[in-house]
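Coordinate inspection notes
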Amino acid sequence: MNYAVALPDHGTLDRWRAAARIAISHRIAPEEIDWSGAGGLFAAEDLPKDIGPHQVRVPTAFLDIAKSAIWHKSPDRAALLYQALWRLDRRDGDPLSSVDPLGRRLQMLAKNVRRDIHKMHAFVRFREMPGDGARRRFAAWFEPEHHTLEPGTPFFAKRFADMDWMIATPDLTAHFEGGKLRFGPAGVRPDLPDDASESLWATYFANIFNPARIKLDAMRSEMPKKYWKNLPETALIPAMLKDAEARVQRMREAGSTPARPGAAAISTRYRAAMPQAPDLPESLDEAREAALHCRRCGLCEKATQTVWGMGAPDAALMIVGEQPGDREDLEGRPFVGPAGQVLHQAMDAAGVDPGQAWLTNAVKHFKFAPRGKRRIHQSPDRSEIEHCRWWLGLELGFVQPRLTVALGASAAYALTGNAGPMQDRQGKVEQGLHDGPVLVTWHPSYILRLPDPAAARADLVAALSKAQASAS
Ligand code: URA
């Protein structure tokens, strides 16, 4: 007997699980199934429609590996997973262990996919599209190594729930419109140079983002720039670009704050002295180096330097504050000022070893207003926090903590996307945008401002003790 199973280009995991469940319940051996859907040399049949008599219990560890490995580009990933399931069912060794060749292979597939998803979360670059609807519209082109668009997009659906967006890849396109995620045919690779301007990208995406406005076959021609003047839809380009540029200009005007005299010169000198950062950080060290050159928002102009996280690069516990204060800005290390003292005392009381945790901030530059010779702390606004999520996301991705503590509302917003009041959230665990757990508690500076801080201090210690217990 020879069975053929064709896996679709999306919904792949669900289809594989359904097929594997049926196959194993009929005790169909791995060598009887061709997962490429082709059926091999012999006439192939579809699998039976209904579940068979054999009951199987699947360990969670297997599902964890399958959830990632199935998205690998390797053509035998589905067959390998089924072989593992078959052996688990027969109690034939431990096919998930790294001492077993099959286990080793599956672990590697799963790891490659997780890494690819992490890269996608870090490196997808959305461009805003002109539009007149109530929701803002964004688009991105991305080339993942594996079939990671589907498992990678729920992250964006959560983070950008109030916008419409699409991510086009060479295999598949994800569309998020009106809060609904769907997948469509592969995107068209833009024939644009890597250093194309934002306007070129905007034009490209404006064409593929709203096919109703544009002729599809012209879009499929990949829009080589040199042919633009001959394409009928280019009549729309000036209007689209004008609107996009006016919008950017309005944003610039709304967001700009005057720099302290001399500040630009200091930060420019400082950045010029730094080694050149690689474009796509591949490690925590590379991410730190890249962050030293950050110009994602205006805060870099006034601050002395980027204050990157500190601690154990593989910490199980990550603690995130709001932004560096005056002392941190000068020393270049987080939590070395008065708020840091409160935090370190609380960590000490909770038995958290600072050398075993990763301490960082939601925003990496000090935001302040000069008053005489003093620099008065100002809370970062949402857009500054959102710009800086790029770096926080890289830290989360490389450190991979089991649990993250959000100190105060800015950190809680950065990590969860929820800007709700602290009173309702203190001491509770929420789901982070990165999919990991986030324990929300008071910021040490808030404790410092309270006339009677004992209760809040105790809350902070209790939260850190709880965090320590669940991370270890
Ligand atoms: N407050 C923070 O949130 N972080 C620091 O690093 C210092 C003060």
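Predicted model only: the values in this text are computed from it and were never measured. (Residues numbered from 1 in each chain as written. Predicted model: local features only at pLDDT ≥ 70, side-chain atom pairs only at ≥ 80, totals over all residues. Heavy atoms only, no water.)

Description of the packing of aromatic side chains
- Taken as a whole, this structure holds 15 aromatic pairs when the rule is applied.
- Ring plane angle 85° and centroid distance 5.1 Å describe the contact between phenylalanine 155 and phenylalanine 156, whose orientation is recorded as edge-to-face. Both residues of the pair, phenylalanine 155 and phenylalanine 156, belong to the buried class.
- Of the aromatic side chains, those joined through ring pairs into one cluster are Phe126, Phe155, Phe156, Phe160, Trp165 and Phe176.
- In this structure, arginine 375 packs its charged tip against the face of phenylalanine 368, placed 4.9 Å from the ring centre. (Phe/Tyr/Trp six-rings, centres within 6.5 Å; stacked < 30°, edge-to-face > 60°. Buried < 20%, exposed > 50% of the residue type's maximum accessible area, 1.4 Å probe, protein only. Lys NZ or Arg CZ within 6 Å of the ring centre and 35° of its normal.)

As for the sheet that holds strand β6 (residues 173-177)
- Spatial strand order, β3-β4-β5-β6-β7: 5 strands in an open sheet with mixed pairing. Either end of the sheet is taken by a strand with one partner, and the two such strands are β3 (127-129) and β7 (180-184). Averaged over all pairs of adjacent strands, the angle between their axes in this sheet comes to 20°, without regard to strand direction.
- As paired strands, strand β5 (residues 164-168) and β6 are joined by 4 bridges and run antiparallel to one another. (Pairing = 2+ DSSP bridges. Helix = DSSP H or I, 4+ residues; strand = E, 2+ residues; numbered from the N terminus. Axes fitted to C-alpha atoms, helices over the stretch in contact; angles between N-to-C directions.)

Describing the nonpolar core
- Ranked by internal contacts, the top residues of the largest apolar core, which has 73 residues, are Ile319, Trp391 and Leu464.
- For this core, the element with the most residues is helix α14 (residues 382-399), which contributes 9 residues.
- Three or more residues apiece are contributed to this core by two domains, here domain 2 (124-185) and domain 4 (284-471).
- Dropping the residues within four chain positions of it, tryptophan 391 is found in contact with Ala287, Ala290, Ala291, Cys294, Arg296, Trp308 and Lys364. (Core = buried A, V, L, I, M, F, W, Y, C linked by side-chain atoms within 4.5 Å. Domains from an automatic or database assignment. Contact = heavy atoms within 4.5 Å.)

Thoughts on the sheet that holds strand β8 (residues 310-311)
- Spatially, β8-β10-β9-β13-β15-β14 is the arrangement adopted by the 6 strands of the open sheet, whose pairing is mixed. Every interior strand has two partners, whereas the edge strands, β8 and β14 (429-431), have only one.
- With 4 bridges joining them, strand β9 (residues 317-321) and strand β13 (residues 403-407) adopt parallel strand pairing. Residue pairing in the sheet places isoleucine 319 in a bridge with valine 405 of β13.
- Strands in contact with α14 are β9, β10 (357-361) and β13; relative to β10, the strand with the most contacts, it is inclined by about 170°.

Observations regarding unusual backbone geometry
- In this structure, arginine 27 takes a positive phi of about 55° despite not being glycine.
- For arginine 27, the location among the structural elements is in the loop between α1 (12-25) and β2 (33-34).
- Taking relative accessible area as the criterion, arginine 27 reaches 45% and is therefore assigned partly exposed.
- In the Ramachandran plot, glutamine 400 falls in the positive-phi region, its phi being about 55° despite a non-glycine side chain.

A look at the packing of α14 against helix α15 (residues 408-416)
- Running from N to C, α14 and α15 cross one another at 65°; their axes reach a closest spacing of 9 Å. Seen along the crossing, α14 lies across α15 with a hand that is right-handed. Contacts from Arg382, Ile385, Glu386, Arg389, Leu392 and Leu396 in α14 reach Ser410, Tyr413, Ala414 and Leu415 in α15.
- Looking at the contact of α14 with α15 residue by residue, the class counts come to 6 nonpolar, 1 polar and 3 charged. (Left-handed = near helix turned anticlockwise from the far one by under 90°. Nonpolar A, V, L, I, M, F, W, Y, C, P; charged D, E, K, R; others polar.)

A word on helix α4 (residues 101-123)
- Spanning 23 residues, α4 covers 33 Å between terminal C-alpha atoms, matching the ideal 33 Å at 1.5 Å per step.
- In this structure, the buried residues of α4 make contact with α2 (60-69), α3 (77-89), α5 (149-159), β5 and α14.
- The N-terminus of α4 is capped by aspartate 100, whose side-chain oxygen sits 2.8 Å from the backbone nitrogen of leucine 102. (Expected span 1.5 Å × (residues − 1). Polar contact = N/O pair within 3.5 Å; in protein donor to acceptor, adjacent residues only side chain to side chain.)

Description of the environment of lysine 428
- Along the polypeptide, lysine 428 turns up in the loop between α15 and β14.
- Under the relative-accessibility criterion, lysine 428 is labelled partly exposed at 47%.
- C-alpha of lysine 428 to C-alpha of threonine 441: the two residues are 13 residues apart in sequence and 7.7 Å apart in space.
- In contact with lysine 428, other than residues within four places in its own chain, are Val438, Leu439 and Val440.

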